[in-house]
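Chain by chain, the residues run as shown.
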Amino acid sequence: MSRVWLLERHRFLWLYLEDHLHLTQRRSKILHVAPELPIRSILSRLPNISYATIDLYDPGAAQQMDLTDLAFDSEMFDVIICSHVLEHIENDYSAMQEMARVLRPKGRAIVLVPVDPKRDSTYEDASITAPSERLIAFGHPYHVRICGNDYANRLADAGFQVSKILSTSLMPHRRRIQRINKTILYDCKRST
């Protein structure tokens, strides 16, 4: 990867997609939720990729769609990429279930959320609705939770076999070159 990436999570995500899933080398039908421009610009041009993008608000996505109510047939995608989205969705469990529904058997959802490693359990409070209060409670005006170390369990409860991938245990030489420190990625295989 010789590209310049602005955010560490984009660099880590791309290294994982390229080096571990080998997405650039195989045919795949991909759903990219809230597609990040650096990754979208690469995947959308690959001839071996059938590429769909959704976002509830961003007009840069091909379709405006709610992740908790996907307008796709079941078992439609080989891979779903969902980076830094679920912490914005009040009913993240419904979003996770929808992702599991539209994945083909043995399909994979690659999920990133900001995790507070000092927090054992995810903190959320549905009574906090004002952006200024969410900023204080969750560290961002549009977040509805602070994800804790239990987030893999939440994904498993929605129907995934979850592998928690730590950037520090992966790709030591490439990780240093790309300045990737501590980032977590969940590689979620559909259970059935």
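Since we're looking at a predicted model, the values are computed, not measured.

**Considering the packing of aromatic side chains**
In step 1: Throughout the structure, instances matching the rule amount to 3 aromatic pairs.
In step 2: Summarising the aromatic geometry, the rings of Phe72 and Phe77 are spaced 5.0 Å apart at their centres and angled 85 degrees between planes, so their arrangement reads as edge-to-face. Accessibility classification places Phe72 together with Phe77 in one group, the buried group.
In step 3: On the basis of an interplanar angle of 45 degrees and a centroid distance of 5.5 Å, the ring pair of Tyr123 and Phe138 is categorised as tilted. Taken together, the positions of Tyr123 in strand β6 (residues 123–124) and Phe138 in helix α4 (residues 131–138) put the pair 15 residues apart, joining distant regions of the chain.
In step 4: A relative accessible area of 29% places Tyr123 in the partly exposed class.
In step 5: If you follow Lys29 out to its NZ or CZ, it ends over the ring of Phe77, 5.9 Å from the centre.

**A closer look at the nonpolar core**
In step 1: Judged by nonpolar contacts, the single largest core of 33 residues is most densely connected at Leu31, Leu67, Leu86, Val111 and Tyr186.
In step 2: Those residues in contact with Leu86, other than ones at most four positions away along the chain, are Leu67, Asp92, Ala95, Met96, Met99, Val111, Val113, Arg145, Tyr151 and Leu155.
In step 3: In this structure, Tyr16, Leu17, Tyr51 and Ile110 belong to the second largest nonpolar core, which totals 20 residues.

**Section: the sheet that holds strand β3 (residues 63–64)**
In step 1: Read from one edge to the other, the open sheet built from 7 strands follows the order β3-β2-β1-β4-β5-β9-β8, with strand pairing classed as mixed. The open sheet has two edge strands, β3 and β8 (160–166), and neither has a second partner.
In step 2: Across the sheet, helix α3 (residues 92–102) touches β1 (28–33), β4 (77–83), β5 (103–112), β8 and β9 (184–190), and the angle it forms with β5 is around 140 degrees.

**Observations concerning the pairing of β9**
In step 1: Burial analysis of β9 places 6 of its 7 residues in the buried class, which makes it a mostly covered element.
In step 2: Alignment of β5 against β9, held across 4 bridges, turns out to be antiparallel. Residue pairing for β9: Arg108 is matched across the bridge by Lys189.
In step 3: By the bridge criterion, 7 bridges tie β8 to β9 in an arrangement that is antiparallel. The residue bridging Ile165 from the neighbouring strand is Leu185, located in β9.

**Quick notes on the pattern of salt bridges**
In step 1: For the coordinates displayed, the defined rule picks out 9 salt bridges.
In step 2: Here Asp92 and Arg145 are joined by a salt bridge, their closest N and O atoms 3.4 Å apart. Of the two residues, Asp92 is situated in helix α3 and Arg145 in strand β7 (residues 145–146); the sequence distance between them amounts to 53 residues.
In step 3: Among the residues examined, Asp92 registers a relative accessible area of 4% and is labelled buried.
In step 4: The exposure class of Arg145 is buried, given its relative accessible area of 2%.
In step 5: Arg154 is the partner of Asp92 in a salt bridge, and the nearest nitrogen-oxygen pair spans 3.0 Å. Taken together, the positions of Asp92 in helix α3 and Arg154 in helix α5 (residues 151–157) put the pair 62 residues apart, joining distant regions of the chain.
In step 6: Residue classification places Arg154 among the buried residues on the basis of a relative accessible area of 18%.
In step 7: Each of Asp92, Glu124, Arg145 and Arg154 takes part in a single network of salt bridges with overlapping partners.

**Side note on the confidence of the model for the protein chain**
In step 1: When the pLDDT values of the protein chain are averaged, the result is 88; 88% of them are 70 or greater.
In step 2: The element-level mean pLDDT for the protein chain is lowest in helix α6 (residues 172–177), coming to 52, with α3 highest at 97.

Basis of the calculations
Per chain, residues are indexed from 1 in the order of the written sequence. Only residues with pLDDT of 70 or above have their local features reported here, since the model is predicted, and side-chain atom pairs are shown and tallied only from 80 upward, although totals for entire chains, interfaces and linings are computed over all residues. Only heavy atoms go into the side-chain values, all of them from the structure, while hydrogens and water stay out. Note on aromatic contacts: the rings of Phe and Tyr and the six-membered ring of Trp form a pair at centre separations within 6.5 Å, being stacked when their planes are under 30 degrees apart, edge-to-face when over 60 apart, and tilted otherwise. Buried residues are those whose accessible area, probed at 1.4 Å on protein chains only, stays under 20% of the maximum for their type, while exposed residues exceed 50% and partly exposed ones sit between those limits. In this description a helix means any DSSP run of H or I spanning at least four residues, a strand means any run of E spanning at least two, and both kinds are numbered starting from the N terminus. The rule is short: NZ of Lys or CZ of Arg within 6 Å of the ring centre and within 35 degrees of the ring normal puts a charge over the ring. Residues belong to a common nonpolar core when they are buried Ala, Val, Leu, Ile, Met, Phe, Trp, Tyr or Cys residues joined through side-chain atoms within 4.5 Å. For this analysis, residues touch if any pair of their heavy atoms sits within 4.5 Å. The criterion for strand pairing is that DSSP finds at least two bridges linking the strands in question. Where helices are involved, their axes are fitted lines through C-alpha atoms of the stretch in contact, as for all axes, and angles between N-to-C directions lie from 0 to 180°. Take a side-chain nitrogen of Lys or Arg and a carboxyl oxygen of Asp or Glu: if they are within 4 Å of each other, that pair is a salt bridge. Values of pLDDT, the confidence the predictor places in each residue, fall between 0 and 100.

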